[in-house]
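# Residue-level structure breakdown
As a plain string of letters, each chain reads:
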Amino acid sequence: MRLRLTTDMIRDDMLDRVETLSGQKLMACYQCGRCSAGCPVVDEMDIVPSEVIRLLQLGQLDEVLASKTIWTCASCLQCASRCPKGVEFSNICDALRAIALRARLSEPRVDADEVTPVMVTDAPQMGVVGALRKLNG
Amino acid sequence: MKIPYYPGCTLHERARDFDVSAKECAKALGVELEELPIWTCCGAVYPLVTDSVMDVLAGVRNLSYASRLGDKVVTLCSFCYNVLKRSNNVMRGNKDKRDKANLFLRADTEARERIPSYTHEDYEGQVEVLHYIEMLRDVVGYDRVAEAVTKKLEGLKVAPYYGCMLLRPAKEMKFDDPEQPTIFEEFLEALGCDVVDFPMKTECCGGFQVVKDEDLAASCSQNVVVSAVKRDADVIVTTCPLCRYNLDRHQDKMAEEVKGFRKLPVIYFTQLLGIALGVDKEHLDFSDNTVDPRPVLAEKSLI
Amino acid sequence: MEERIGVFVCHCGTNIAATVDVKRVAEELAGYPGVAFSTDYTYMCSDPGQNMVKDAIKEHDLTGVIVAACSPTLHEATFRRAGTAAGMNPYQVEISNIREQCSWVHQGDKDAATDKAIRTIKVMIEKARLDEALDPISVPMTPRALVVGGGIAGIQAALDIANAGHEVVLVEKEASIGGHMAQLSETFPTLDCSQCIMTPKMVEVAQHPKVTLLTYSEVDDVSGYVGNFKVKVRKKASYVNRDVCTGCGLCSEKCPAKAPSEFDEGLAERPAIYTPFPQAVPNKPVLDASHCTWFLKDGKCGVCAKVCPLDCIDYEQQDEFVEYEVGAIVVATGYDLYPIENMGEYGGGKYPDVVTSLQFERMLSASGPTGGEVRRPSDGEIPKEVVFLTCCGSRDPESHLPYCSKVCCMYLTKHAMLYKHNVHEGQAYVFYMDVRTGGKGYEEFYTRAAEEDDVLYIRGKVSKIFEEDGKVMVWGVDTLSGKKIEIAADMAVLGLATVPNAAARDLANMLKIHQNEWGFLSEAHPKLRPVESLAPGFYIAGAAQGPKDIPESVAQASGAASKVAALFAEKEYHREPIIANIDEDTCAGCRVCVSVCPYDAAEFDEEKKVAHIKEAICEGCGACIAACPSGSATQKNLTDDQLYKMVSAALEG
């Protein structure tokens, strides 16, 4: 399917919002793919990190917000650490999740009922707190 | 010598073995870890979005409490260290957020309720956030640690696991080289053990994702543990309760998935230090481990 | 004498005329005191425009000329030449900038721009009224060149200058000339054997009657100025009498001490007394005292002295200093590779089977440490899968170097091809971001690699390399298909960034040649003056100026040589006379000028007890003039009187 690219599409206000919220310049990414290459959870993602940024550069925010990728990120910061252009994909992920949750485009990902008993009794609480903050907003 | 200490919520609950061993080791080295009289959870994760002041308040408040005890605060948990250090940088470098955060701190009633003599002082980043290992290296000195060792851990092959939050982002954390760190290796050498350098020592264990997707975390942890197994380690040491949980918990699954897998116990570096310093074994509790470290430690005549 | 100034207002097409009312400007200035002729024209720099100036000088007997046009950096020389052709002293021709400093920056307000143009020209009229006729300063030219660096660029420059009939002193810090090109196995895109094409030039330069070749030597000090440099060269103690030595090699054969071979990039060892490679020029050894048993263990050993048939070994030898007078200096100090220690994500040098590009080059070389076979340093096995990485350290403004090192795409393609020619069943993978093939025949070379030699090019940057189970694990990505890639290779070759030779930084500082923030020597103009530095008499060539391949280095070297030859074509060197001078009558001898001069052009005359400007060095910067407390230091054709009148004209309009 052909993507009809327009100036409005690639200069959408929402993309500015992504940049402001994440503190990253989307156009700084020159698509080397190193973030994808070093991501520990990339196998579980539907769109790899460098592709997420590419889609944003092409104005395709909706596709990105609907992805599994932004919920899979473990915030390990390896992508940010290795990027030759200093683009912190981890921060873009946080920003995309924030946009999705705040605009109610997505439900909070961790349902309290879903958290297994073993999690509650055995797992270190920093993990539960971390997960709730990252995935539920 | 006293030094302010921030344990973090997990050290008081699920990772009590970490807290106790750390305190006893410090004592053996002449340092009293003075726990902050009032503290809360730091928030566990540092917010990566730019518009939140609220999200850093938990960390900032604890730093503010620490500033009453001294100009340093020591912590053990990697998550806490990362949150406190980065929140501290915000308070030092971002005037707008600093002013807003202090507005909230001024309205903090809990401190006044718990400590009648408490009066508010603005926090501006005056505290230095130290990890326990930095305290060992810079305040105590590794040579003093080596001198205090009563039982050299000879023959024990130890793989130090750094994980993510100690090292990254490197420009803010300034903890060690993010790709080839050596601070733990140097520490282990002081204890006399064989240090095992393994390639996955700075890769993620899966972190908080274990709550939502345990398989994902198991897969990340497998990557780390298998790497250490291949380098012939006897034990992995870590400084993060979540890392310990992830690496330790999923080894049954790893044994199923990986041919020739050997279970590796995962313990806190302070527990190892405790053994070397001759700390009383009632303070070295290994009952929380899924993979029991006692057999391999006994085999090397260390316990 | 009556002043008769000619004013010529240029339209510069619409550049000036669209904003400044050039006709009104010319009309108003016609009546200004001292102006004898005033006109306007579309393009003053054109032939008709210049002729207009020449004709007016003669017809109206002008004593000075103002051309109101673009910046003097563009056409001051043009109009001075026109003035000279018409018999006027060139220093009485002035430019008034009414473009860059007027029409181009005030496009919104035409009245104000026109008024400003008039004032700007009046300023220069006031200057011209008091300008004196000046003669260029002539200094003698020593037609001998110093070339620093004996790599391909230095060799080429030395040869070209020598063939133009001038003497050359070629100084090289290693024991042999040849530089990095001598280390290469084959060169792209022809796959010529590097040493085969280079050694004829090496021998030619060594045997050239006009070239003095000093190897194992360094430039210790340079003083003086263009045409008249005094250079002190340190000939480092080699502990070998290289004049008598015949290069028989017995000493190296018998030497028991070992050191990592620099030429073989640490993949092999060499003895303490060594010749760097078999085709070395000169083929005479040097003794490296830092690895020599005699020096380290207080006189134990001494085998080389015992076996030398001509008694050439001299443990007492000292550094020797030689001085030369030269007129020009060509700096061609070359490059080094970005240190592998900085790439922690690829092991930082701790994995033996992750090698640098120069190490791989030595492996490919038939005279190299593995006899031309590609073998893993860890176990000597032949690798069946090799991964090549571009951009190791380059194009990484965040953590390493922001620039592109230009040659790596090509040489890694070459490596991949040569590996395949070497190991027929082997597979080469090249991880790239862009394959940059800008030179002649380069794109075709890359096509050959991808289509005929089955080199698999994968578009993505490798995140991590580590060793596991005897394999080199490479974690990369293919951005074109969106897949994370893992390769369990036998070996990895890093295309490390090119950086300027480390030792050359100090040299450049000593010579006061400007470097950019990465240490590359700065050219005088990035487009139009690529082979000279801003400091007169200094020329630059080769990779020391920026990453480049061999043909570009050779071309740049020849370019630098032609500049030197042009310099030497005149017996004297002419300098601009618009410099400082000191009124000895009023000079108090305070020496403030001596301390502020950045060019060391002001000196104190101990006998007369006054300061004196060395005309040959002064650049006319004005620092001493501003600093002089007695007002004794003035600038020719920019006196205080002129300046006051110029400022008044600007302010009063």
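The rules we used
Residues numbered from 1 in each chain as written. Chains lettered and ligands numbered in written order. Predicted model: local features only at pLDDT ≥ 70, side-chain atom pairs only at ≥ 80, totals over all residues. Helix = DSSP H or I, 4+ residues; strand = E, 2+ residues; numbered from the N terminus. Rg over C-alpha atoms; globule rule 2.2 N^0.38 Å. Buried ≥ 20, exposed ≤ 12 C-beta atoms within 10 Å, placed from the backbone. Contact = placed C-beta atoms within 7 Å. Nonpolar A, V, L, I, M, F, W, Y, C, P; charged D, E, K, R; others polar. Pairing = 2+ DSSP bridges. Axes fitted to C-alpha atoms, helices over the stretch in contact; angles between N-to-C directions. Expected span 1.5 Å × (residues − 1). Domains from an automatic or database assignment. Parallel < 35°, antiparallel > 145°, perpendicular 65-115°, else oblique. Core = buried A, V, L, I, M, F, W, Y, C linked by C-beta atoms within 7 Å. pLDDT = per-residue confidence, 0-100.

### Some details on the overall build of chain B
Counting its secondary structure elements, chain B contains 15 helices and 8 strands. For 303 residues, the compact-globule estimate of 2.2 N^0.38 gives 19 Å, and the C-alpha radius of gyration of chain B, at 19 Å, lies within 12% of that figure. Dimensions of chain B, computed from the C-alpha atoms along their principal axes, are close to 60 × 40 × 30 Å. Out of the 303 residues in chain B, the part that is buried amounts to 52%. Taking the intrachain contacts of chain B between residues at least 6 apart in sequence as the baseline, contacts between residues at least 24 apart amount to 78%.

### Focus on the overall build of chain A
If you tally the helices and strands in chain A, you get 10 helices and 0 strands. For chain A, the succession of helices and strands along the chain, N to C, is α-α-α-α-α-α-α-α-α-α. On C-alpha atoms alone, chain A measures out to a radius of gyration of 16 Å, which is about the 14 Å that the 2.2 N^0.38 rule sets for 137 residues. Taking the principal axes of the C-alpha coordinates as reference, chain A spans close to 50 × 30 × 30 Å. Evaluated residue by residue, chain A yields a buried proportion of 50% over its 137 residues. Long-range pairs, those at least 24 residues apart, make up 66% of the contacts in chain A between residues at least 6 apart in sequence.

### Quick notes on the interface of chain B and chain A
Taken together, the 36 residues of chain B in the interface contact 35 residues of chain A. When its residues are assigned to classes, the side of chain B that touches chain A shows 23 nonpolar, 7 polar and 6 charged.

### Quick word on the sheet that holds strand β20 (residues 354-356) of chain C
Residues and elements named next belong to chain C. The 5 strands lie next to each other as β20-β27-β21-β22-β23, forming an open sheet whose pairing is parallel. Because the sheet does not close on itself, it has two edges, and the strands there are β20 and β23 (456-459). Mean inter-strand twist for the sheet, computed between neighbouring axes without regard to direction, equals 25°. Pairing of strand β21 (residues 385-392) with strand β22 (residues 427-432), which is carried by 5 bridges, proceeds in the parallel orientation. The partner of V387 across the bridge, within β22, is Y429.

### Section: unusual backbone geometry
Cis geometry is adopted by the peptide bond preceding P169 of chain B, which originates at R168 of chain B and carries an omega value of 0°. Within the fold, P169 of chain B resides in the loop between β5 (157-160) and α9 (170-173). Between V281 of chain C and the following residue, P282 of chain C, the backbone shows a cis peptide bond with an omega angle of -5°. The residue P282 of chain C is located in the loop between β15 (273-274) and β16 (286-287) in this model. Unusually for a residue other than glycine, S75 of chain A sits at a positive phi of about 55°. Note that S75 of chain A resides in the loop between α6 (69-72) and α7 (78-82). Given 23 C-beta atoms within a 10 Å radius, S75 of chain A is considered buried. Despite not being glycine, E265 of chain C has its phi angle at roughly 50°, a positive value.

### Looking at helix α2 (residues 16-28) of chain B
Residue and element names in this part refer to chain B. Here α2 contains 13 residues, and its C-alpha end-to-end distance of 18 Å stays within 8% of the 18 Å for a straight helix at 1.5 Å per residue. Burial runs high along α2: 10 of the 13 residues are buried. Contact partners of the buried residues in α2: α1 (9-12), β2 (32-35), α7 (132-140), α12 (241-249), β8 (266-268) and α14 (269-277). Of the residues flanking the end of α2, it is G30, one or two places downstream, whose phi is positive at about 85°.

### Some thoughts on the domain arrangement of chain A
Domain boundaries assigned for chain A yield domain 1 (7-106) and domain 2 (111-137). Computed from C-alpha atoms alone, the centre-to-centre distance between domain 1 of chain A and domain 2 of chain A is 24 Å.

### Examining the interface of chain C and chain A
Chain C puts 18 residues into the contact, and the matching count from chain A is 16 residues. Ranked by residue count, the leading element in the side of chain C that touches chain A is strand β25 (residues 471-478) of chain C, at 3 residues. Classifying every residue of the side of chain C that touches chain A by side-chain character gives 5 nonpolar, 6 polar and 7 charged.

### Let's talk about the domain arrangement of chain B
All names here are of chain B. On domain assignment, one finds that chain B holds domain 1 (2-130) and domain 2 (147-299). Taken over C-alpha atoms, the centre of domain 1 sits 26 Å from the centre of domain 2. At the junction of the two partners, domain 1 supplies 21 residues and domain 2 supplies 22 residues. Looking at the side of domain 1 that touches domain 2, the elements that each hand over two or more residues are α2 and α4 (78-93). Looking at the side of domain 1 that touches domain 2, the element that brings in the most residues is α2, giving 8 residues.

### A look at the packing of helix α3 (residues 54-66) of chain B against α4 of chain B
Angle between the axes and distance between the axes: these two values describe a pair of packed helices. Residues and elements named next belong to chain B. At a minimum axis distance of 9 Å, the contact between α3 and α4 shows a crossing angle of 85°. Classified by the interaxial angle, the pair formed by α3 and α4 is roughly perpendicular. Between α3 and α4, the contacting residues are V56, G59, V60, N62 and L63 on the first element and V83, L84, S87, N88, V90 and M91 on the second.

### Remarks on the pairing of strand β18 (residues 328-331) of chain C
Residues and elements named next belong to chain C. Of the two faces of β18, the one holding A328 and V330 and the one holding I329 and V331 are both buried throughout. Two strands pair when backbone bridges link them, and strand β6 (residues 144-148) and β18 are joined in this way by 4 bridges, in the parallel orientation. Each bridged residue has a counterpart across the sheet, and for V147 the counterpart in β18 is V330. As paired strands, β18 and strand β29 (residues 538-540) are joined by 3 bridges and run parallel to one another. From the neighbouring strand, V330 faces β29, where its bridge partner is Y539.

### Brief notes about the nonpolar core
Ranked by internal contacts, the top residues of the largest apolar core, which has 161 residues, are A157, A158, V330, V331, V430 and A492 of chain C. Once you skip the residues sitting within four places of it in the chain, V430 of chain C turns out to touch F388, T390, L412, T413, A416, V455, Y457 and I458 of chain C. The next biggest cluster of nonpolar side chains, apart from the first, holds 141 residues, and it includes C79 of chain A together with V127, I236 and V291 of chain B.

### Comments concerning the environment of G151 of chain C
Residue and element names in this part refer to chain C. Among the secondary structure elements, G151 is positioned in the loop between β6 and α6 (152-163). With 28 C-beta atoms packed within 10 Å, G151 lands in the buried category. Here the alpha-carbon distance between G151 and H180, two residues 29 residues apart in the chain, equals 6.9 Å. Beyond its immediate chain neighbours, meaning those up to four positions away, G151 contacts G178, G179, H180, M181, A332, G334 and G542.

### Considering the environment of L507 of chain C
All names here are of chain C. For L507, the position within the fold is in helix α14 (residues 502-511). For the pair formed by L507 and T333, sequence separation is 174 residues and the distance between their alpha carbons is 9.3 Å. Residues contacting L507, with those up to four places away along its chain left out, are V148, V219 and T333.

### Let's talk about the confidence of the model for chain B
Residue and element names in this part refer to chain B. Per-residue confidence for chain B averages 94 on the pLDDT scale, and 100% of its residues sit at or above 70. Of all secondary-structure elements in chain B, the lowest mean pLDDT belongs to helix α6 (residues 110-114), at 81, while β5 reaches the highest, 98. Reported for the predicted complex are a pTM of 0.89 and an ipTM of 0.93.

### A closer look at the sheet that holds strand β11 (residues 217-225) of chain C
All names here are of chain C. The strand order across the open sheet built from 3 strands is β11-β12-β17, with neighbouring strands paired in antiparallel fashion. Two strands close off the open sheet at either side, each with one partner strand: β11 and β17 (320-326). Within the sheet, the average angular offset between the axes of one strand and its neighbour, ignoring direction, is 20°. Here β11 pairs with strand β12 (residues 228-235) via 8 bridges, running antiparallel. Bridge pairing in β12 places V222 opposite V231.

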